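Structure assessment
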Amino acid sequence: MAKRKATINQKQCVACGCCMKVCPRGAIAIPNGVCAQVDKGLCVGCGLCARECPASVIALEEVAE
Amino acid sequence: MKQKKRWYDYLWIASLTYLILGFFNILFAWLELLCFFIPLLIAVIKGNKAYCNKYCGRGQLFSLVGGRFGLSRKKDVPQWIKSAYFRYGFLIFFFTMFFLMLWNTYLVFAGARDLRTTVTLLWTFKLPWHWAYHGTLFSDGVAQFAFGFYSVMLTSTVLGFVTMLLFKPRSWCVYCPMGTMTQLICKAKHTFSSRE
């Protein structure tokens, strides 16, 4: 079964850090203040970040295992 | 899942206090210069957006009022607000108005103009604010800067509040000039350092 993971549209990410704050797994980081990055290994696809993101640039996408 | 609160999760209290203090004595506006220089210094020296990510009291205030208290429609912001044109355009506009404010302050310092005890909301509406002015030990320009700077902060708070109601709680973060600028600095810094 395919799993859902948070995917960030890096072009439109404003690097505000809202996603990082709500992530229960600490799977999101904003290296060098450029844009948010998801550690796909840690992401459980809960969608909290996608709901929080003020720019709505996070989507849950299915990734093949 | 509840995450452990840290000291900086309470910085919204400072933001709120600052706004309230401006109603009593306008000179407190000088304090908010910290919120101007700290994010820039963090971006320039450390090369990250820790200010937005952790310390921004205004963002916390919006997420508290819009999120916890539910004063937000929680809808997506329109596409044009996220566009680079709007974000950079707003940054340029904001800074043009900021330098205009500095110029007006200079005129008062230089004695070419009298102190105006008004707060200008949304760059247009002049609100009488004389009750918050009790004189200054220094030049009138010191007070003029306070009125000008408080105008900037109040305007951006009002804008942020409106977009909080209409869209997601922290919609302000999408077009916040400080956020755009610090991200720009970080991007530039990162591009140059990875080239070496």
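Residues numbered from 1 in each chain as written. Chains lettered and ligands numbered in written order. Predicted model: local features only at pLDDT ≥ 70, side-chain atom pairs only at ≥ 80, totals over all residues. Heavy atoms only, no water.

1. Points about the packing of helix 1 (residues 11–21) of chain B against helix 4 (residues 57–68) of chain B
A packed helix pair is summarised by two numbers, namely the angle formed by the two axes and the spacing between the axes. All names here are of chain B. Cut-off, in case you're wondering: Convention adopted: a line fitted to C-alpha atoms gives each axis, helices being fitted over their contacting stretch, and angles between N-to-C directions are expressed from 0 to 180 degrees. Helical segments are the DSSP runs of H or I of at least four residues, strand segments are the runs of E of at least two, and each set is numbered from the N terminus. Working definition: roughly parallel below 35 degrees, roughly antiparallel above 145 degrees, roughly perpendicular at 65 to 115 degrees, and oblique for all remaining angles. Contacts between residues were defined by any pair of non-hydrogen atoms, one from each residue, lying within 4.5 Å. The nonpolar class holds Ala, Val, Leu, Ile, Met, Phe, Trp, Tyr, Cys and Pro. Asp, Glu, Lys and Arg form the charged class, and all remaining residues, Gly among them, are polar.
It is the contact of helix 1 with helix 4, at a shortest axis distance of 7 Å, that shows an interaxial angle of 95°. Taken as axis vectors, helix 1 and helix 4 run roughly perpendicular relative to one another. The segment helix 1 lies against helix 4, with L11, W12, S15 and L16 engaging G57, R58, Q60, L61 and L64. Of the residues in the contact of helix 1 with helix 4, the class split is five nonpolar, three polar and one charged.

2. Describing the interface of chain A and chain B
Our working rule: Throughout, buried area stands for the accessible area (probe radius 1.4 Å) lost by two parts on being put together, summed over both. For this analysis, a salt bridge means a side-chain nitrogen from Lys or Arg found within 4 Å of a carboxyl oxygen belonging to Asp or Glu. In protein, a polar contact requires one atom able to donate a hydrogen and another able to accept it; more generally it is a pair of N or O atoms within 3.5 Å, and residues adjacent in sequence count only if both atoms are side-chain atoms.
Listed per partner, the contact involves 24 residues of chain A and 24 residues of chain B. Taking both partners together, chain A and chain B bury about 2,000 Å²; carbon and sulfur atoms supply 47% of that area. When the area that chain A buries against chain B is broken down by residue, the three leading residues are A:V14, A:K21 and A:P54, summing to 29%. On inspection of chain A and its partner chain B, the count reaches zero salt bridges. Scanning the region where chain A abuts chain B turns up 13 residue pairs in polar contact (both at pLDDT 80 or more). For the side of chain A that touches chain B, the elements supplying multiple residues, two or more each, are helix 1 (18–22) and helix 2 (48–52) of chain A. Top element by residues in the side of chain A that touches chain B is helix 1 of chain A. It accounts for four residues.

3. What to know about a positive patch on the surface
Residue and element names in this part refer to chain B. So the rule is basically this: Any residue with relative accessible area above 30% and no salt bridge may belong to a patch, with like charges joined within 9 Å and the nonpolar Val, Leu, Ile, Met, Phe, Trp and Tyr side chains within 5 Å. Here the Shrake-Rupley method, with its probe set to 1.4 Å, supplies the accessible areas, and only the displayed protein chains count as covering residues. When charges are tallied, Lys and Arg are placed among the positive residues and Asp and Glu among the negative ones, while His and the ends of the chain are skipped. Think of each charge as sitting on NZ of Lys, CZ of Arg, CG of Asp or CD of Glu. When accessible area is computed with a 1.4 Å probe and restricted to protein chains, residues below 20% of their type maximum are described as buried, those above 50% as exposed, and intermediate ones as partly exposed.
A contiguous patch of positive charge on the surface is contributed by K4, R6, K46 and K54. Here K54 shows up in helix 3 (residues 50–55). Using a relative accessible area of 32% as the deciding quantity, one classes K54 as partly exposed.

4. Concerning the nonpolar core
Rules: Buried Ala, Val, Leu, Ile, Met, Phe, Trp, Tyr and Cys residues that are joined via side-chain atoms within 4.5 Å together make up what is termed a nonpolar core.
Of all hydrophobic cores here, the largest spans 64 residues; its most connected members are A:I58, B:I26, B:W129, B:F149 and B:Y150. Looking at this core, the element that brings in the most residues is helix 7 (residues 140–166) of chain B, giving 10 residues. With near-sequence residues (within four places) excluded, B:W129 lies in contact with B:G22, B:F23, B:I26, B:T117, B:T118, B:V119, B:F147, B:Y150 and B:L154.

5. Focus: the environment of B:I42
All names here are of chain B. The topology assignment puts I42 in helix 2 (residues 34–46). For the pair I42 and C173, spaced 131 residues apart in sequence, the C-alpha to C-alpha distance is 17 Å. Once you skip the residues sitting within four places of it in the chain, I42 turns out to touch G47, N48, A50, Y51 and Y55.

6. Describing the pairing of strand 2 (residues 125–128) of chain B
Residue and element names in this part refer to chain B. Which entries qualify depends on this criterion: Pairing between two strands requires that DSSP report at least two bridges joining them.
For strand 1 (residues 118–121) and strand 2, the ladder comprises four bridges, and the chain directions are antiparallel. Residue pairing across strands places L121 opposite F125, the latter belonging to strand 2. The loop that links strand 1 with its antiparallel partner strand 2 comprises three residues; one of these, L122, has a positive phi angle of about 55°.

7. Things to note about unusual backbone geometry
Residues and elements named next belong to chain A. Despite not being glycine, A15 has its phi angle at roughly 60°, a positive value. Tracing the backbone through its elements, the reader meets A15 in the loop between strand 1 (3–8) and helix 1. Residue A15 is classed as buried on the basis of its relative accessible area, which comes to 0%. Of note in the backbone geometry, S56 takes a positive phi value of approximately 50° without being a glycine. Among the structural elements, S56 can be located in the loop between helix 2 and strand 4 (58–63).

8. Things to note about a nonpolar patch on the surface
Together, B:L16, B:I20, B:F23, B:F24 and B:W131 make up an exposed nonpolar region whose accessible area comes to about 490 Å². Inspection of the secondary structure assignment puts B:I20 in helix 1.

9. Structural notes on the packing of aromatic side chains
Two aromatic rings, taken as a pair, are described by how far apart their centres are and by the angle between their planes. All names here are of chain B. For clarity, the threshold we go by: The criterion for an aromatic pair is that two Phe, Tyr or Trp rings (for Trp, the six-membered ring) have centres within 6.5 Å, with stacked assigned to planes under 30 degrees apart, edge-to-face to planes over 60 apart and tilted to the rest.
Taken as a whole, this structure holds 29 aromatic pairs over all chains when the rule is applied. Between the aromatic rings of W7 and Y8, the centroid separation amounts to 5.4 Å while the plane-to-plane angle is 80°, which identifies the pairing as edge-to-face. Given the relative accessible area of 60%, W7 is considered exposed. Ring geometry for F98 against F149: centres 5.9 Å apart, planes inclined by 70°, an arrangement best described as edge-to-face.

Everything listed is a geometric property; what it means functionally is a separate question.
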